[in-house]
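# Residue-level structure breakdown
Okay, here's what each chain looks like letter by letter:
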Amino acid sequence: MKKIIIPLMLVISGSLFSQVSIGTGSQETNRWTFGGGIGVGFGSNSAFYLQASPRVGYKITDDLEGGVVGSVSWQTSDYYKSTMFGVGPFVNYYIARSFYVGANLQQYFINYKDKFYDYKVNEQETALYLGGGYMQRIGSNSFMQLGLMYNVLWKENSSVFSSGLVPNIGFVVGL
């Protein structure tokens, strides 16, 4: 039953994040943007990963957008269980509505439990992502963003993240 419910919920969630609004010119006065992304992963030892990152932005100018992005992820396997929440501001600069550069500051709150050693830890970590990417129009004012960000605060021996490099795929409505 789980093999049917989880993919079904992911398809429903993905379609909610990627709804495209097609309208008249009166929408162009609305400066608010909405979007986000979802992620899912599977691995050995019954590993499962689910992540959602909603975002709300405001067009400061036609090419400059600022806002707030959130993040929540769940990871579990035979050996560990982890929950992580993140929140912070972002800014994106759009180049000809085909490319973007951006920055994103996230404060993460991590709850980790090692099932094998019965070890628990609650941590916080700050990440400053810088990067950019490509935008593909998928409607009159909606885009899919494909990008690459790097956490300039990442430290190999002390970070909870395995790498500072983060590929991302997301959707934005309202640009």
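As the structure is a prediction and not an experimental result, all values here were calculated from the model. (Residues numbered from 1 in each chain as written. Predicted model: local features only at pLDDT ≥ 70, side-chain atom pairs only at ≥ 80, totals over all residues. Heavy atoms only, no water.)

## Focus: the side chain of Ser73
Condition: Numbered from the N terminus, helices here are DSSP runs of H or I no shorter than four residues, and strands are runs of E no shorter than two. Buried residues are those whose accessible area, probed at 1.4 Å on protein chains only, stays under 20% of the maximum for their type, while exposed residues exceed 50% and partly exposed ones sit between those limits.
Following the sequence through the fold, Ser73 ends up in strand E3 (residues 64–76). By relative accessible area, which is 2% here, Ser73 ends up buried.

## What to know about the nonpolar core
Note the threshold: Only buried Ala, Val, Leu, Ile, Met, Phe, Trp, Tyr and Cys residues count toward a nonpolar core, and they belong to the same one when joined by side-chain atoms within 4.5 Å. Contacts are assigned to residue pairs that have any heavy atoms within 4.5 Å of one another.
By size, the foremost hydrophobic cluster in this structure holds seven residues: Met84, Tyr108, Ile110, Ala127, Tyr129, Met149 and Phe161. Mapped by element, the contributors of at least two residues to this core are strand E5 (99–114) and strand E6 (119–137). Setting aside chain neighbours within four positions, we find Tyr108 in contact with Ser71, Met84, Phe85, Gly86, Glu123, Gln124, Glu125, Ala127, Tyr129 and Phe161. Within the second largest apolar cluster, six residues are counted, among which are Tyr94, Met135, Val172 and Leu175.

## Notes on the environment of Val91
Structurally, Val91 is set in strand E4 (residues 80–95). The exposure class of Val91 is partly exposed, given its relative accessible area of 34%. With 25 residues separating them in the primary sequence, Val91 and Gly66 have C-alpha atoms 4.3 Å apart. Ignoring anything within four residues of it in the chain, the contact list for Val91 reads Leu64, Glu65, Gly66, Val101, Gly102 and Ala103.

## Some words on the confidence of the model for the protein chain
The test is simple: Across the chain, each position has a pLDDT score giving the predictor's confidence in that residue, from 0 to 100.
Summary statistics for the protein chain give a mean pLDDT of 84 and a share of 84% for residues scoring 70 or more. With pLDDT under 50 throughout, residues 1–27 is counted as low confidence; its partners more than four residues away or in other chains account for 26 contacts.

## Describing unusual backbone geometry
Even without being glycine, Ser46 reaches a positive phi, approximately 60 degrees. Despite not being glycine, Asp118 has its phi angle at roughly 55 degrees, a positive value. Along the chain, Asp118 turns up in the loop between E5 and E6.

## Some words on the pattern of salt bridges
For clarity, the cut-off: Take a side-chain nitrogen of Lys or Arg and a carboxyl oxygen of Asp or Glu: if they are within 4 Å of each other, that pair is a salt bridge.
Going through the model one piece at a time under the given rule, you end up with two salt bridges. Arg55 is paired through a salt bridge with Glu65; the nearest N and O atoms lie 2.9 Å apart. In this pair, Arg55 sits in strand E2 (residues 47–59) while Glu65 sits in strand E3, placing the two residues ten residues apart along the sequence. Across the pair, Glu65 and Arg55 agree in class, each one buried. Ionic pairing is found between Arg97 and Asp63, a salt bridge with its closest N-O pair at 3.9 Å. Linking Arg97 in the loop between E4 and E5 with Asp63 in the loop between E2 and E3, this pair joins segments that are 34 residues apart in sequence. Classification of Asp63 as partly exposed rests on a relative accessible area of 30%.

## Observations concerning the layout of surface pockets
Applied cut-off: Of the two site types, the cavity is a set of points on a 1 Å grid over the protein atoms alone where a 1.4 Å probe fits but cannot get out, and the pocket is an open set with protein on both sides within 12 Å along at least five of seven lines, each lined by residues with an atom within 4 Å of a point. Grid points are joined across faces, edges and corners, and a volume is the space filled by probe spheres set on the points. Three classes are used: nonpolar for Ala, Val, Leu, Ile, Met, Phe, Trp, Tyr, Cys and Pro, charged for Asp, Glu, Lys and Arg, and polar for all others, with Gly counted as polar.
The computed volume of the largest pocket comes to approximately 1,200 Å³. Every element with two or more residues in the lining of the largest pocket is listed here: strand E1 (32–43), E2, E3, E4, E5, E6, strand E7 (142–151) and strand E8 (165–173). Among the elements that line the lining of the largest pocket, the one with the most residues is E8, at eight residues. Across the lining of the largest pocket, the residue classes tally to 23 nonpolar, 19 polar and two charged.

## Side note on the packing of aromatic side chains
The condition that has to hold: Planes of paired rings set the category: under 30 degrees apart is stacked, over 60 is edge-to-face and the rest tilted, where pairs are Phe, Tyr or Trp rings (Trp by its six-membered ring) whose centres lie within 6.5 Å.
Under the counting rule described, the total for this entry stands at eight aromatic pairs. Each ring, one from Trp32 and one from Tyr58, has its centre 5.0 Å from the other, and the planes form 70 degrees; the classification is edge-to-face. Remark: Tyr58 occurs in strand E2 and Trp32 occurs in strand E1; sequence separation between them is 26 residues. Take Trp32: its relative accessible area is 44%, and that puts it in the partly exposed class. Judged by its relative accessible area of 34%, Tyr58 is partly exposed. Between the aromatic rings of Tyr79 and Phe116, the centroid separation amounts to 6.4 Å while the plane-to-plane angle is 70 degrees, which identifies the pairing as edge-to-face. Placement of Tyr79 in the loop between E3 and E4 and of Phe116 in the loop between E5 and E6 is noted, with a sequence separation of 37 residues between them.

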